[in-house]
Amino acid sequence: MKWNPIIFRFKLPPTLKQLVDERIWLVAFIGLAGLLLAYPLWADGYSLNLVRDMLIFGIVALSLDWLWGKGGMLSFGHAAFFGIGAYSMAITSINLDWGFSSLLGLFASVAIPGIIALLIGYFLIFAGVRGAYFVIVTLAIGIVSQQAAISWVSVTGGDSGLLGIPPLGFTLGDHRFQLDNSLSLYYVVLTVALLSLLFLWQLSRGLYGNLLKGIENNEKRAQSLGHNTSLHLLIVMISSAMLAGLAGGLYASCTGFVAPDLLSLMLSTEIFVWVAVGGRGTLLGPFIGAFIIMRLQQVVSSISTGLWPLVIGAIFIIIVFVFPDGILPFIRKFVVRFKLLFEKSGVKHGR
């Protein structure tokens, strides 16, 4: 077997591939979770808020990976669901003067994107819209959503957005319980990220994950076996939109403001790159991709704010040629390659 260090593609035995996948995933998850749980011990407030925002965008990337990596449907307007969730949280919590308005806003940030995904996805998926046509329609949805946020000034605040969004909290009797400090918000976001990641990973390992893989590989064959593939893809799209909306609600509550940029095509492109860099279909990879790219964006933006769109385009081209499957799959293939060479060497020496 000839190894190309640039493309780095070869077929692996299925059992070995699955075993290595799960071991690498669990080791990476435990290591990353442990690091993030302990991070507040030495981090200052600014760094804590920065990592918190990275985790929120990691949840958005996870939602796209669930739709694209497991459902096989690429959305190029995925930031629309994130932005709609953020605006739902902001509008609800600002305009309702109730003791639990922020919690109701968080519920709205999940429900409204889910309803929109249900309405759009029903007509698209059951009409057989797939592949490039699905990408084009979702791209149009993102553009329309951003223009609606800019034009509907009386509700969304237009280009200025909305400020003064209250943090998460609720009133019980005469007592007000509120998450208004960096540490509590950080752990809330981290908890949501870890639970979402574990839930989707466990779901993708079972029968439902195998069904989605079968639909992605050959939808007509899955239909011939009696599966309602359109219904399953619609469920994936709705759950993906709801998770992205939840991330938007958390972002609005943590930062205290929303703006039309949260629905922009640029953000949708960045989400797509996060998933591609980390590894499509790995679920954990998009978090890693989001952390790497957002950190790089800070460095580039400190040099020139107008340079970032060019850099992110160059990053994607490099990833296509050097890590075509993303970072985590590259690591997996490297580990498998090393394991196979080690076992082969052991056999030659009579071990």
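Residues numbered from 1 in each chain as written. Predicted model: local features only at pLDDT ≥ 70, side-chain atom pairs only at ≥ 80, totals over all residues. Heavy atoms only, no water.

Chemist: Help me out: how do you make sense of the overall build of the protein chain in this one?
Modeler: Helix and strand content of the protein chain: 14 helices and four strands. Per-residue burial for the protein chain yields a buried fraction of 48% across its 351 residues. Long-range pairs, those at least 24 residues apart, make up 78% of the contacts in the protein chain between residues at least 6 apart in sequence. (Helix = DSSP H or I, 4+ residues; strand = E, 2+ residues; numbered from the N terminus. Buried < 20%, exposed > 50% of the residue type's maximum accessible area, 1.4 Å probe, protein only. Contact = heavy atoms within 4.5 Å.)

Chemist: Any chance you could explain unusual backbone geometry here in plain terms?
Modeler: A negative phi angle is the norm for most residues apart from glycine, just as the trans form is the norm for most peptide bonds. If you check the backbone angles, Leu283 has positive phi at about 70° while not being a glycine. Considering the arrangement of structural elements, one finds Leu283 in the loop between helix H11 (265–278) and helix H12 (285–303). In this structure Leu283 comes out as buried when scored by relative accessible area, which is 0%.

Chemist: What am I meant to see in the pattern of salt bridges here?
Modeler: Pairing is possible between side chains that carry opposite charge, provided their charged atoms lie close to one another. All chains considered together, the criterion is met by three salt bridges. Note that Asp53 and Arg52 form a salt bridge whose closest N and O atoms lie 3.1 Å from each other. Between Arg280 and Glu216 there is a salt bridge, with its nearest N and O atoms 2.4 Å apart. In this pair, Arg280 sits in the loop between H11 and H12 while Glu216 sits in helix H8 (residues 207–217), placing the two residues 64 residues apart along the sequence. (Salt bridge = Lys/Arg side-chain N within 4 Å of Asp/Glu carboxyl O.)

Chemist: Looking at this structure, how should I read the packing of aromatic side chains?
Modeler: Evaluation of the coordinates by the stated rule reveals eleven aromatic pairs. Relative to Tyr251, the ring of Phe57 lies with its centre 5.5 Å away and its plane at 55°, an arrangement referred to as tilted. Taken together, the positions of Phe57 in helix H2 (residues 45–70) and Tyr251 in helix H10 (residues 229–255) put the pair 194 residues apart, joining distant regions of the chain. On the accessibility criterion, Phe57 (10% relative accessible area) is buried. Each member of the aromatic cluster is reached from another via a ring pair, and the members are Phe57, Phe82, Tyr251, Phe257 and Trp274. (Phe/Tyr/Trp six-rings, centres within 6.5 Å; stacked < 30°, edge-to-face > 60°.)

Chemist: Can you walk me through the packing of helix H3 (residues 79–95) against helix H5 (residues 131–151) in this structure?
Modeler: Packed helices, taken two at a time, are described by the angle their axes make and the gap between the axes. The interhelical angle for the contact between H3 and H5, taken along N-to-C directions, is 30°, at an axis separation of 9 Å. One element, H3, and the other, H5, form an angle in the roughly parallel class. Between H3 and H5 lies a crossing of left-handed hand. When H3 is examined against H5, the residues Ala80, Ile84 and Tyr87 are found in contact with a partner set consisting of Ile141, Gly142, Ser145 and Ala149. In terms of residue class, the contact of H3 with H5 is built from five nonpolar, two polar and no charged. (Axes fitted to C-alpha atoms, helices over the stretch in contact; angles between N-to-C directions. Parallel < 35°, antiparallel > 145°, perpendicular 65-115°, else oblique. Left-handed = near helix turned anticlockwise from the far one by under 90°. Nonpolar A, V, L, I, M, F, W, Y, C, P; charged D, E, K, R; others polar.)

Chemist: Sorry, what's going on with H3 here?
Modeler: Since the α-helix packs 3.6 residues into each turn, any two residues three or four apart lie on the same face. Here H3 is 17 residues long and its end C-alpha atoms lie 24 Å apart, about the 24 Å a rise of 1.5 Å per residue gives. Among the 17 residues that make up H3, 14 are buried, leaving the element largely enclosed by the rest of the structure. (Expected span 1.5 Å × (residues − 1).)

Chemist: Is there a simple way to explain the packing of H2 against H11 in this structure?
Modeler: Put simply, H2 and H11 touch, their axes get as near as 9 Å, and they point 75° apart. Our classification of the angle between H2 and H11 gives roughly perpendicular. The segment H2 lies against H11, with Phe57, Val60, Ala61, Leu64, Asp65 and Trp68 engaging Leu267, Ile271, Phe272, Trp274, Val275 and Ala276. Broken down by class, the residue content of the contact of H2 with H11 amounts to eleven nonpolar, no polar and one charged.

Chemist: I would appreciate a short explanation of the side chain of Ser268 in the present structure.
Modeler: Positionally, Ser268 belongs in helix H11. You can call Ser268 buried: its relative accessible area is 2%. A polar contact of 3.1 Å, which involves the side chain of Ser268, links it to the backbone nitrogen of Ala79. Those residues in contact with Ser268, other than ones at most four positions away along the chain, are Phe76, Gly77, His78 and Ala79. (Polar contact = N/O pair within 3.5 Å; in protein donor to acceptor, adjacent residues only side chain to side chain.)

Chemist: When you look at the environment of Gln147 in this model, what are you seeing that I'm missing?
Modeler: Mapped onto the elements, Gln147 comes out in helix H5. Note: C-alpha distance between Gln147 and Ser264 (117 residues apart in sequence) is 9.2 Å.

Chemist: How should a nonpolar patch on the surface be read in this particular structure?
Modeler: Where nonpolar side chains cluster on the molecular surface, the patch consists of Leu118, Tyr122, Phe123, Phe126, Leu231 and Ile235 and spans about 580 Å² of accessible area. Sorting the residues of the nonpolar patch by element identifies helix H4 (101–125) and H10 as the ones contributing at least two each. Here the element with the most residues in the nonpolar patch is H4; it accounts for three residues. You can see Tyr122 is positioned in helix H4. On the basis of relative accessibility, which here comes to 43%, the residue Tyr122 falls in the partly exposed class. (Patch = residues over 30% accessible without salt bridge, like charges linked within 9 Å, V, L, I, M, F, W, Y side chains within 5 Å. Areas by Shrake-Rupley, 256 points an atom, 1.4 Å probe, with all protein chains shown as cover.)

Structural measurements only, silent on function.
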